[in-house]
Amino acid sequence: MYRMLIFLMVASALPAVDLSWKDVRDCRGRECAMKFARASQKVLRIDWKPVSVWPEEAKRFN
């Protein structure tokens, strides 16, 4: 049951990182691991912007 759950989690996450199940199945070696690491960084990188409570302070960030 856990194996099926993990499979579904991985299968649903692959389109988010622009990979296919074939890429996972044929993965061998360091190059493949680096490919997955780069793909996961695209998802994990967040463009943070400051949130200000006071309008005067907000003007400094614009």
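Nothing here was measured: the structure is a model prediction, and the numbers come from that model. Residue indices begin from 1 for each chain and proceed along its sequence in written order. In keeping with the predicted nature of the model, local features appear solely for residues at pLDDT of at least 70, side-chain atom pairs appear and are counted solely at 80 or more, and the whole-chain, interface and lining totals rest on all residues. The side-chain quantities take in all heavy atoms of the structure and omit both hydrogens and water.

### Focus on the overall build of the protein chain
By the criteria applied, helices consist of DSSP H or I runs no shorter than four residues and strands consist of E runs no shorter than two, each listed in order from the N terminus. Along the backbone of the protein chain there are four helices and zero strands. Radius of gyration: over C-alpha atoms. The globule rule applied is 2.2 Å multiplied by the number of residues raised to the 0.38 power. Relative to the 2.2 N^0.38 estimate, which gives 11 Å for 62 residues, the radius of gyration of the protein chain is 19 Å and therefore markedly larger than a compact globule would have. Seen along its three principal axes, the alpha-carbon backbone of the protein chain occupies a region of about 55 × 30 × 15 Å. Relative accessible area decides the class of each residue, using a 1.4 Å probe on protein chains only: under 20% of the type maximum gives buried, over 50% gives exposed, and in between gives partly exposed. The buried share among the 62 residues of the protein chain stands at 8%. Roughly 6100 Å² of accessible area belongs to the protein chain as shown, and the carbon and sulfur atoms make up 61% of that amount. Positive charges come from Lys and Arg, negative ones from Asp and Glu, while His and the chain ends are left out of the count. Where a charge lies is defined by one atom per residue type: Lys uses NZ, Arg uses CZ, Asp uses CG and Glu uses CD. Averaging the coordinates of the 12 positive side-chain charges in the protein chain and doing the same for the 7 negative ones gives two points 6 Å apart. Surface accessibility in these figures is a Shrake-Rupley result with a 1.4 Å probe; residues are shielded only by whichever protein chains are displayed.

### Side note on a nonpolar patch on the surface
Surface patches are defined over residues having more than 30% relative accessible area and no salt bridge, joining like charges when they lie within 9 Å and nonpolar side chains (Val, Leu, Ile, Met, Phe, Trp, Tyr) when within 5 Å. One side-chain nitrogen of Lys or Arg within 4 Å of one carboxyl oxygen of Asp or Glu is enough to make a salt bridge. Side chains of Tyr2, Met4, Leu5, Ile6, Phe7, Leu8, Met9, Val10 and Trp21 sit close together on the surface and give an oily, nonpolar patch of about 940 Å² of accessible area. Looking at the nonpolar patch element by element, the count peaks at eight residues for helix 1 (residues 2–13). In this structure, Val10 sits in helix 1. On the basis of relative accessible area, Val10 is assigned to the partly exposed category, the value being 32%.

### Brief notes about the confidence of the model for the protein chain
For every residue, the predictor reports its confidence as pLDDT, a number between 0 and 100. Per-residue confidence for the protein chain gives a mean pLDDT of 79; residues scoring 70 or more make up 94%. Between the elements of the protein chain, mean pLDDT differs from a low of 74, seen in helix 4 (residues 55–61), to a high of 86, seen in helix 1.

### As for the environment of Cys27
Topologically, Cys27 is positioned in the loop between helix 2 (21–25) and helix 3 (30–44). In this structure Cys27 comes out as partly exposed when scored by relative accessible area, which is 22%. Between the C-alpha atom of Cys27 and that of Leu8, which follows or precedes it by 19 residues, the distance is 18 Å. Setting aside its immediate chain neighbours within four residues, Cys27 contacts Cys32, Ala33 and Phe36. Residue contacts are defined here by distance: any two heavy atoms, one from each residue, within 4.5 Å place the two residues in contact.

### Here's the deal with the environment of Ala11
Checked against the element boundaries, Ala11 lands in helix 1. Take Ala11: its relative accessible area is 32%, and that puts it in the partly exposed class. Sequence separation between Ala11 and Trp21 is ten residues; the distance between their C-alpha atoms is 7.0 Å.

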